[in-house]
Amino acid sequence: MQPRQGEGEEQQQICDDRISCLSDDILMCFLSRIPLREAVRTSVLSKRWTYLWCSIPYLELGMNLINDVDDMRQWGYAVRLILEYRLAPILSCRINVEISEELNGILDEFVLFLCKNGIQNLHLQSSRCWYHYQFPTDAYFCQSLKKLTLDGCNVVLPTLFEGISCLKTLTLIDVTITNDDLERFIFSCRLLEMFYFEDDFDLKLFEEFELRSLRITALNLISLEIHAWRPTQISLKAVPRLENVLYRPFPFSDDNEPNMVVQLLTNLGHVENLELQLFQDILESFHMMNLPKSLPALKLKKLTLHADFDVACLLSCLLRSCPNLQELDIFIFESHPQEEKGFVQEMCWEREGPFDCLMYHLTTVRIEMNILNSCCGIGFMELLLKNACVLKKMTISYSMSVKEQLEAEVIDLLLLQRASPHAILEFNIEP
């Protein structure tokens, strides 16, 4: 039986167009990975592609949605078209736009549309630092949300707010929020596992938004990350599952700030991974205050320190307080390594230790620095090599600026007798 005329050509076209032969789910994955404008243009390829873009589960709406970034009415019109042609729920949406008062109405409409249609991951970022978008009141009752990021928004919890039942990740960046609302937000979201908070230097000018004392109660919280321009006394009231903490207080003229850091450290009972990023102004105050020789025993297994100056006294205190420490990462990068710093505390590491963690648990050490005579110089390395009985590897990285002065120090370290016969000592030069 002979095939009908044109049937062979049609079959050949189908075989040649292998992309269109893929399932809608796979095509949707492709469309989710290209800009939305390009995804919409695929509607002219064939009837099969006409409305595929209307069901993309992951959307990113930025300024590239329009031709003229100065005419935000175009952006609003484009968003209304998306709402009009939508055929399936949007599971994840990232909005990054210069929000202004003229966009409030359409943005409210779009956010509420997402919330009523099962949005799970919402990232809302306002690019204008001087204008904070008021997150819609009804959006706080969206129980489908699993991940929420608000950047440059005004957060005011409604009186009847009882939490977002499915929310596991909450990120707040440069938001205006009162102390009470922030504590209630964290406490009310019972499944919350990850909380990231970063405040804005400019917000410290507004007294109503000063987070002077933050009490965190979150029974399922696992990871906590705080970057704070304003000195904030953080109290961990009930966080039995907390494992990872990153704390980065920015320089601020407040005499009590080092005490706030110490108080936070004393509350880290269940934490296994701690990362501290400290700056010169704070470290200078550490040297001037009576830092305790040790803290109540911590359960840390990994400690990471980033600093732009001497952390000897703090490091000694933490090593004494962490008997189970297994990994130690230290990054010392002085902004002006050649300048004299009168408040440097001389640390004689020979009189320190041996610490319990060195005797029984410490296996991995990584040190990076741009200066030889730092708190983590040869004296500290000698302490580690002579006393770390189970050490497996120590990696020491220097910046290129001290390359010519390294030879003597490297030779001294290589000749040291090591407590661990299996310890590997590795040196690197970083550009």
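Chains are numbered independently. Their residues run from 1 in the order of the written sequence. Where local features are concerned, this predicted model is filtered to residues with pLDDT of at least 70; where side-chain atom pairs are given and counted, the filter is 80 or more; whole-chain, interface and lining totals use all residues. To obtain the side-chain values, all non-hydrogen atoms of the structure were included, while hydrogens and water were left out.

A. Representation of the overall build of the chain in the model. For the chain, the count of helices and strands is 12 helices and 18 strands. Buried residues are those whose accessible area, probed at 1.4 Å on protein chains only, stays under 20% of the maximum for their type, while exposed residues exceed 50% and partly exposed ones sit between those limits. The burial tally for the chain puts 49% of its 431 residues in the buried class. Pairs of residues are marked as contacts when any of their non-hydrogen atoms sit within 4.5 Å. In the chain, the proportion of contacts linking residues at least 24 apart, taken out of those at least 6 apart, comes to 68%. The numbering of helices and of strands both runs from the N terminus, where a helix is a DSSP run of H or I of at least 4 residues and a strand a run of E of at least 2.

B. Focus on the confidence of the model for the chain. pLDDT is a residue-level measure of predictor confidence that goes from 0 to 100. With 79% of its residues at a pLDDT of 70 or more, the chain has an overall mean of 81. Predicted confidence in the chain is weakest over helix H1 (residues 7-16), with a mean pLDDT of 52, and strongest over strand E5 (residues 147-151), with 96. In the model, residues 203-207 has pLDDT below 50 throughout and makes eight contacts with residues more than four positions away in sequence or in other chains. Considering only residues more than four positions removed or in separate chains, one finds that residues 337-346, a stretch of pLDDT under 50, has 15 contacts.

C. Expanded view of the state of the cysteines. Criterion for a disulfide: a pair of cysteine sulfur atoms at a distance within 2.5 Å. In total, this model carries zero disulfides according to the counting rule given. Free cysteine: cysteine 166, not disulfide-bonded; nearest cysteine sulfur from cysteine 142 at 9.0 Å. According to the relative accessible area criterion, cysteine 166 is partly exposed, its value standing at 31%.

D. Layout of the environment of asparagine 267. Here asparagine 267 lies in the loop between helix H7 (257-266) and strand E13 (273-278). When near neighbours in sequence (up to four residues on either side) are disregarded, asparagine 267 contacts Ile234, Ser235 and Leu236.

E. Broad picture of the pattern of salt bridges. Salt bridges, as used here, are contacts in which a Lys or Arg side-chain nitrogen is within 4 Å of a carboxyl oxygen on Asp or Glu. Enumeration over the complete set of coordinates arrives at nine salt bridges. Across the salt bridge formed by arginine 41 and glutamate 38, the nearest N and O atoms sit 3.1 Å from each other. Pair noted here: arginine 41 and glutamate 38 are both in helix H3 (residues 36-41), with a separation of three residues, about one helical turn. Among the salt bridges present, the one from glutamate 183 reaches arginine 215, with a minimum N-O distance of 3.1 Å. Taken together, the residues glutamate 183 in helix H6 (residues 179-188) and arginine 215 in strand E9 (residues 213-217) connect sequence positions 32 residues apart. Glutamate 183 gets classed as buried once you look at its relative accessible area, which sits at 11%.

F. Quick peek at the nonpolar core. Formed by 128 residues in total, the largest nonpolar core has its most connected members in Trp75 and Phe185. Residues contacting tryptophan 75, with those up to four places away along its chain left out, are Leu61, Gly62, Leu65, Ile66, Ile95, Val97, Leu103 and Leu107. In these notes, a set of buried Ala, Val, Leu, Ile, Met, Phe, Trp, Tyr and Cys residues joined through side-chain atoms within 4.5 Å is what counts as a nonpolar core.

G. Structural view of a nonpolar patch on the surface. By definition, no residue in a patch forms a salt bridge, and every one has over 30% relative accessible area; like charges are joined within 9 Å, nonpolar side chains (Val, Leu, Ile, Met, Phe, Trp, Tyr) within 5 Å. To be clear on the numbers: accessible area is Shrake-Rupley with a 1.4 Å probe, and residue cover counts the displayed protein chains and nothing else. A cluster of nonpolar residues, Ile19, Ile26 and Phe30, forms a patch on the protein surface that exposes about 270 Å² of accessible area. Residue position: isoleucine 26 is located in helix H2 (residues 24-32).

H. View of the layout of surface pockets. Approximately 320 Å³ is the volume found for the second largest pocket. Here a cavity means grid points, on a 1 Å grid over the protein atoms only, where a 1.4 Å probe fits yet cannot get out; a pocket means an open set of points with protein on both sides within 12 Å along at least five of seven lines; lining residues are those with an atom within 4 Å of a point. Considering the residues around the second largest pocket, the lining is formed by 19 residues, among which Tyr58, Leu59, Glu60, Cys93 and Arg94 are closest to the centre. Taken together, the residues that form the lining of the second largest pocket break down as eight nonpolar, seven polar and four charged. Grid points are joined across faces, edges and corners, and a volume is the space filled by probe spheres set on the points. Think of it as three bins: nonpolar holds Ala, Val, Leu, Ile, Met, Phe, Trp, Tyr, Cys and Pro, charged holds Asp, Glu, Lys and Arg, and polar takes everything else, Gly as well.

I. Layout of the environment of proline 35. Its location among the elements puts proline 35 in the loop between H2 and H3. As a C-alpha pair, proline 35 and glycine 62 span 27 residues in sequence and 9.3 Å in three-dimensional space.

J. Region of the structure containing helix H9 (residues 312-321). Along H9, nine of the 10 residues are buried, which leaves the element largely enclosed by surrounding structure. Every buried residue of H9 is listed here: Ala312, Cys313, Leu314, Leu315, Ser316, Cys317, Leu318, Leu319 and Ser321.

K. Spotlight on H6. Most of H6 sits out of view: seven of its 10 residues are buried. Taken together, the buried positions of H6 are Asn179, Asp181, Leu182, Glu183, Phe185, Ile186 and Ser188. Looking at the buried positions of H6, the neighbouring elements they touch are E5, strand E7 (169-173), strand E8 (194-198) and E9.

L. Local environment of the packing of aromatic side chains. Any Phe, Tyr or Trp ring, taking Trp's six-membered ring, that has another such ring centre within 6.5 Å forms a pair; planes under 30 degrees apart are called stacked, those over 60 apart edge-to-face, and the others tilted. Overall, the coordinates contain six aromatic pairs when judged by the stated rule. Geometrically, the ring pair formed by tyrosine 140 and phenylalanine 185 is edge-to-face, given 6.2 Å between the ring centres and 70 degrees between the ring planes. Here tyrosine 140 is found in the loop between strand E4 (133-134) and E5, whereas its partner phenylalanine 185 is found in helix H6, with 45 residues between them in sequence. Take tyrosine 140: its relative accessible area is 1%, and that puts it in the buried class. A connected cluster of aromatic rings, assembled from ring pairs, spans Phe135, Tyr140, Phe161 and Phe185. Above the plane of the ring of phenylalanine 187 lies arginine 190, whose end atom (NZ or CZ) is 4.6 Å from the centre. Definition used: whenever NZ (Lys) or CZ (Arg) falls within 6 Å of the ring centre and also within 35 degrees of the ring normal, the charge is taken to sit over that ring.

M. Region of interest: the packing of helix H11 (residues 378-387) against helix H12 (residues 406-415). Structural elements are reduced to axes, namely lines fitted to C-alpha atoms, with helices fitted over the stretch in contact, and the angle between N-to-C directions of any two is expressed from 0 to 180 degrees. As a packed pair, H11 and H12 sit with axes 10 Å apart at the nearest point and diverge in direction by 15 degrees. Compared by their axis directions, H11 and H12 come out roughly parallel. Along this stretch, H11 crosses H12, giving a crossing that reads as right-handed. Here Ile378, Met381 and Leu385 of H11 lie close against H12, whose contacting residues are Glu409, Asp412 and Leu413. Any angle from 65 to 115 degrees is called roughly perpendicular, while one under 35 is roughly parallel, one over 145 is roughly antiparallel, and all others are oblique. Helix crossings get a hand from a simple test, with the near helix turned counterclockwise from the far one by less than a right angle marking a left-handed crossing and a clockwise turn marking a right-handed one.

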